[in-house]
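# Topology and contacts: notes
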Protein chains: 2
Amino acid sequence: MPSSLRDVARKAKVSTGTVSNVLNRPEIVAPETLARVRKVIDELKFVPNGFARHLRSGQSRTIGLIIPDITNPFYTEVARGAEDAANKHDYAVFLCISDTDGAKETSYIGVLLEQRVRGVLIAPTDDAHKSVELLRSHHVGVALLDHKSVGSQECSVSVDHVRGGEIAIQHLADLGHKEIVWITGSEDYRQCVDRGIGVANIAERAGVELTIIPLKILNTSTGEEAAKKVMALEKRPTAIFCANDMLAFGVMRELLRMGIKVPQDISLIGYDDIYFAPTAAVPLSSIFQPAYQLGFTAAELLISECEDTGEHQHKQIVFDPELVARSSTAHVSTMRTVRVMEDISA
Amino acid sequence: MPSSLRDVARKAKVSTGTVSNVLNRPEIVAPETLARVRKVIDELKFVPNGFARHLRSGQSRTIGLIIPDITNPFYTEVARGAEDAANKHDYAVFLCISDTDGAKETSYIGVLLEQRVRGVLIAPTDDAHKSVELLRSHHVGVALLDHKSVGSQECSVSVDHVRGGEIAIQHLADLGHKEIVWITGSEDYRQCVDRGIGVANIAERAGVELTIIPLKILNTSTGEEAAKKVMALEKRPTAIFCANDMLAFGVMRELLRMGIKVPQDISLIGYDDIYFAPTAAVPLSSIFQPAYQLGFTAAELLISECEDTGEHQHKQIVFDPELVARSSTAHVSTMRTVRVMEDISA
DNA sequence: ATTATTTATTGACACGTTTCAATGAATACG
DNA sequence: CGTATTCATTGAAACGTGTCAATAAATAAT
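Because the structure is predicted, anything quoted here is derived from the model rather than measured.

Further remarks concern the overall build of chain A. Regarding its fold elements, chain A presents 12 helices and 12 strands. For chain A, the C-alpha radius of gyration of 26 Å lies well beyond 20 Å, the compact-globule estimate for 346 residues. Dimensions of chain A, computed from C-alpha atoms along their principal axes, come out at roughly 90 × 45 × 30 Å. Sorting the 346 residues of chain A into buried and exposed places 52% on the buried side.

Structure below.
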């Protein structure tokens, strides 16, 4: 139904080659011809067909963005950064939400391969290696999001998760906490495992007694469940570190519901420093990650890889996490010694 | 570089037509041939080229999603719903963030037209009519998000904004508030204008004295600015109604910073009932809109329009908003009569 | 055994572009 | 004036698929 380049050529009484030149190399077309063809293009509301164009050139101007959960503001920021960078370079972005599901991730990769995306920006859920391998074997550009590449076979932009884990526990240790619960993701989550290493490092050095609660999925609902588990422990901890802020929000919500005060009864620190952390019921201490930068930089690297015809140097960029201390963490000396379960009404 | 259907045909010693049949109508291919071709497809890691496929058929399996701001959890939910529905029907989604910028919106539409998307899901920023017209003139399916279509020339899924405005003010009026500030978007925002109509309806009927503060952009930053304006008014209102929750979050943050207590000094109600509303410093009263449903339903309608060869009935679906009363709104009788500006330290 | 019917496969063409060697027209040079 | 040289334009081929009329082979009906 839409008019084609041939229609334009016919009406402007030129060849298709000339119309193509008007679109792609206007400087080599004679001024009068240029004007005439452009007029016809407007009249016919001609928009070149991207399929045909890229079919011929063998290259598209699209990239895929695979993230586990758009509902988490951390990934929202990442997506925004990636989209901005792509837009800047005239790339269109396919949004793929993997739902932390390996199978869905693989299925999305299939879709993206069919669409012949130039590259894929991926925050892998479980087995990063498999997805990257799959994409690589099809000669599609890859950049890892929030996941450091091991073999330097691809670009990656991440945050030093080990360091982040260390910072968080160090902060709690500095506040005098010796019994800490670490609520984290399963072993498949590279990020969580890394943070766990940092956690263990400092915990050992500072003589902290650590209890680990692993979860399959990290969101507010699972956070609420985890909070119940924490309160059911024999020995109640004085602080909780959550692998992300969504989790921490869930934990906080459930604790408050149970009448446990933060930080008077228990200190709580999250991870990501999402947009809503400062506005929480109790302003949430957290570990800041530059989410927007992460997405933006990764997209820039990916596009540079895609466009660079020569040798592209795979870069591994690692940002530093930062502690953002707010009201949800406090020194043990300020804790209530008598635990009043009756003041739920408050 | 990737292998083509022709490569497969050659290696499997069949014609290209047969390979095509294996892909699209396997039931008409002889079992042995089917197996042989499929084996070769696996060996060659053949993935059909979407461009060529759709160039031939003249139809893609992609849709565009244009939203003003992915950072706002309301739109995040909408996006998630839309993506789920698209995924269910094997459609890929182009993510376009218009940044509440009409020019950017138009530019994105150009990109989508080039990509020959089958349809576009759009939450228009200013002039819905222009964008819809542009898309319609190119015979692309359109469904309006959170925006009721006037001429029933297209599908739309929205929420009754007039009703939402009414509900909010009615709630405040029921709590005895007579001096209310309504912080809203500019006249370009259809949604805000509609809510404003509802606001005015009830305000007049209930004898409420209304002050309107219009803003260009609605987010937490502009909310903070607005809060300052409110406090600079000659007569301090007893309640504030914000056109969305992000705005309300900003207002709340600034009020608390200034030592104004919510709801003891001033009641506050938002709109959208985003995920974080209940977890806010003061759990935020809000008007719930079914964001996920909005996105999901709109995508379903759009795809049905795209696939239906015959007569497609354009539907205008209107959801009902719901009041969610939390702690940020309270009866005037519970307000502090003495306004203590000194207790900022608290 | 011949004809009709079903089943499986073929191969050329079309989709809408870009590219590029070839052509023709116009201008510059000796 | 004849020959290079530049400038604009042409038209056909190619990109990788889907479609469809045509063909070949196998089976059923007479």
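The structure having been displayed, the exposition proceeds.
Lining the immediate surroundings of DNA strand D are 26 residues, of which Gly17, Ala30 and Thr33 of chain A together with Leu5 and Ala52 of chain B lie closest. Of the residues assigned to the surface near DNA strand D, the class counts are 10 nonpolar, 12 polar and 4 charged.

Right, let's talk about the protein's contact with DNA strand C for a bit. Lining the immediate surroundings of DNA strand C are 26 residues, of which Leu5, Ser20 and Ala52 of chain A together with Gly17 and Thr33 of chain B lie closest. Class assignment for the residues of the surface near DNA strand C results in 10 nonpolar, 12 polar and 4 charged.

Our next topic: the pairing of strand 6 (residues 179-185) of chain B. Residue and element names in this part refer to chain B. For strand 6, the tally of buried residues reaches 6 of 7 residues, placing the bulk of the element in the interior. Here strand 6 runs beside strand 7 (residues 209-215); their pairing, made up of 7 bridges, is parallel. Note that in strand 7 the partner of isoleucine 183 across the bridge is isoleucine 213. In the classification by handedness, the crossover that spans strand 6, the intervening helix 9 (residues 190-206) and the parallel strand 7 is right-handed. In terms of strand pairing, strand 6 meets strand 8 (residues 239-242) through 4 bridges, oriented parallel. Within the sheet, the bridge partner assigned to tryptophan 182 lies in strand 8 and is phenylalanine 241.

So, on to the domain arrangement of chain A. Partitioning chain A into structural domains gives domain 1 (5-48), domain 2 (60-159 + 291-319) and domain 3 (161-289 + 325-345). A separation of 37 Å is found between the C-alpha centroids of domain 1 of chain A and domain 2 of chain A.

Laying chain B over chain A is done by rotating through 180 degrees and shifting 0.0 Å along the axis; what remains is an RMSD of 0.1 Å. What the superposition gives is, in effect, a two-fold axis relating one chain to the other. Using C-alpha coordinates, one finds that chain B approaches the rotation axis most closely at alanine 281 of chain B, a distance of 1.8 Å.

All names here are of chain B. A sheet is described by the order of its strands in space; here 4 strands give the open sequence 7-6-8-9, paired in parallel fashion. In this open sheet, the two edge strands, each paired with only one partner strand, are strand 7 and strand 9 (267-269). Across the sheet, the mean angle from the axis of one strand to that of its neighbour is 20 degrees, orientation sign disregarded. Each of strand 6, strand 7 and strand 8 is contacted by helix 9, which is oriented at about 165 degrees to strand 6, the strand it contacts most.

Every α-helix carries 3.6 residues per turn, so stepping three or four residues along brings you back to the same face. Residues and elements named next belong to chain A. When the terminal C-alpha atoms of helix 12 (residues 291-307) are compared, their 24 Å separation across 17 residues agrees well with the 24 Å that a helix rising 1.5 Å per residue should span. With 12 of 17 residues buried, helix 12 is to be regarded as a mostly interior element. Those residues of helix 12 that fall on the buried side of the exposure criterion are Ala291, Leu294, Gly295, Phe296, Thr297, Ala298, Ala299, Glu300, Leu301, Leu302, Ile303 and Cys306. Buried positions along helix 12 lie against strand 1 (62-67), helix 5 (73-88), strand 3 (119-122), strand 4 (141-145), strand 5 (155-159) and strand 11 (316-319).

Time to look at the packing of helix 10 (residues 220-231) of chain A against helix 11 (residues 245-257) of chain A. All names here are of chain A. At their nearest, the axes of helix 10 and helix 11 sit 7 Å apart, and the two run at 50 degrees to each other. With respect to helix 11, the axis of helix 10 lies oblique. At the point where helix 10 passes helix 11, the crossing takes the right-handed sense. Between helix 10, through Thr220, Ser221, Thr222, Gly223, Glu224, Ala226, Ala227 and Lys228, and helix 11, the contact on the second element is made entirely by Met246, Leu247, Ala248, Phe249, Gly250, Val251, Arg253, Glu254 and Leu255. When grouped by side-chain class, the residues that make up the contact of helix 10 with helix 11 number 8 nonpolar, 5 polar and 4 charged.

It is worth spelling out the sheet that holds strand 9 (residues 267-269) of chain A at this point. All names here are of chain A. If you walk across this open sheet you meet the 4 strands as 7-6-8-9, and the pairing is parallel. Where the open sheet ends on each side, the last strands, each with one partner, are strand 7 (209-215) and strand 9. With strand direction ignored, the average angle separating the axes of adjacent strands in the sheet is 20 degrees. Relative to strand 6 (residues 179-185), helix 9 (residues 190-205) is tilted by about 165 degrees, and along the sheet it contacts strand 6, strand 7 and strand 8 (239-242).

Before going further, it helps to examine the interface of chain B and chain A. Facing the 36 residues of chain B at the interface are 36 residues of chain A. Secondary structure elements with two or more residues in the side of chain B that touches chain A: helix 4 (50-57), helix 5 (73-88), strand 2 (92-97), helix 6 (102-114) and helix 11 (245-257) of chain B. The class makeup of the residues in the side of chain B that touches chain A is 20 nonpolar, 10 polar and 6 charged.

This paragraph deals with the packing of helix 5 of chain B against helix 12 (residues 291-307) of chain B. Helix packing for two helices is described by the angle between their axes and how far apart those axes are. Residues and elements named next belong to chain B. Packing of helix 5 against helix 12 leaves a shortest axis separation of 7 Å and a crossing angle of 35 degrees. For the element pair helix 5 and helix 12, the recorded crossing hand is right-handed. Residue-level inspection shows Phe74, Glu77, Val78, Ala79, Arg80, Gly81, Ala82, Asp84, Ala85 and Ala86 of helix 5 in contact with helix 12, the latter providing Ala291, Tyr292, Gln293, Leu294, Gly295, Phe296, Ala298, Ala299 and Glu300.

Given a rise of 1.5 Å per residue, 16 residues ought to cover 22 Å, and the 22 Å separating the end C-alpha atoms of helix 5 of chain A matches this to within 8%. Once helix 5 of chain A finishes, aspartate 90 of chain A follows within two positions and takes phi at roughly 60 degrees, a positive value.

Further remarks concern the environment of valine 150 of chain B. Residue and element names in this part refer to chain B. The residue valine 150 is located in the loop between strand 4 (141-145) and strand 5 (155-159) in this model. Residue valine 150 is classed as partly exposed on the basis of its C-beta count, with 14 C-beta atoms lying within 10 Å. In this structure, the C-alpha to C-alpha distance between valine 150 and glutamine 316, residues 166 residues apart in sequence, is 9.2 Å.

Glancing now at the pairing of strand 8 of chain B. All names here are of chain B. Along strand 8, one buried face is formed by Ala239 and Phe241 and the opposite face, lined by Ile240 and Cys242, is buried too. As paired elements, strand 8 and strand 9 share 3 bridges and run parallel to each other. By the bridge assignment, phenylalanine 241 is partnered in strand 9 with isoleucine 269. At this point the chain moves from strand 8, through helix 11, to the parallel strand 9, and the crossover so formed is right-handed.

Our focus in this paragraph is unusual backbone geometry. Residues and elements named next belong to chain A. In this structure, the amide linkage connecting valine 262 to the following residue, proline 263, adopts the cis form with an omega of 5 degrees. Inspection of the secondary structure assignment puts proline 263 in the loop between helix 11 and strand 9. The phi dihedral of lysine 13 is positive, around 60 degrees, even though this residue is not glycine. On the secondary structure map, lysine 13 appears in the loop between helix 1 (5-12) and helix 2 (16-24). Not every positive phi belongs to a glycine, and threonine 100 is a case in point at roughly 55 degrees.

This part takes up the confidence of the model for chain A. On average, residues of chain A carry a pLDDT of 92, and 97% of them reach 70 or more. Per-residue pLDDT stays below 50 along residues 340-346 of chain A; that stretch engages in 3 contacts with residues further than four places along the chain or on separate chains.

Thresholds, definitions, all that
Residues numbered from 1 in each chain as written. Chains lettered and ligands numbered in written order. Predicted model: local features only at pLDDT ≥ 70, side-chain atom pairs only at ≥ 80, totals over all residues. Helix = DSSP H or I, 4+ residues; strand = E, 2+ residues; numbered from the N terminus. Rg over C-alpha atoms; globule rule 2.2 N^0.38 Å. Buried ≥ 20, exposed ≤ 12 C-beta atoms within 10 Å, placed from the backbone. Near = placed C-beta within 6 Å. Nonpolar A, V, L, I, M, F, W, Y, C, P; charged D, E, K, R; others polar. Pairing = 2+ DSSP bridges. Right-handed = clockwise from strand over helix to strand, strands pointing away. Domains from an automatic or database assignment. Least-squares fit on C-alpha atoms with pLDDT ≥ 70 in both. Axes fitted to C-alpha atoms, helices over the stretch in contact; angles between N-to-C directions. Contact = placed C-beta atoms within 7 Å. Expected span 1.5 Å × (residues − 1). Parallel < 35°, antiparallel > 145°, perpendicular 65-115°, else oblique. Left-handed = near helix turned anticlockwise from the far one by under 90°. pLDDT = per-residue confidence, 0-100.

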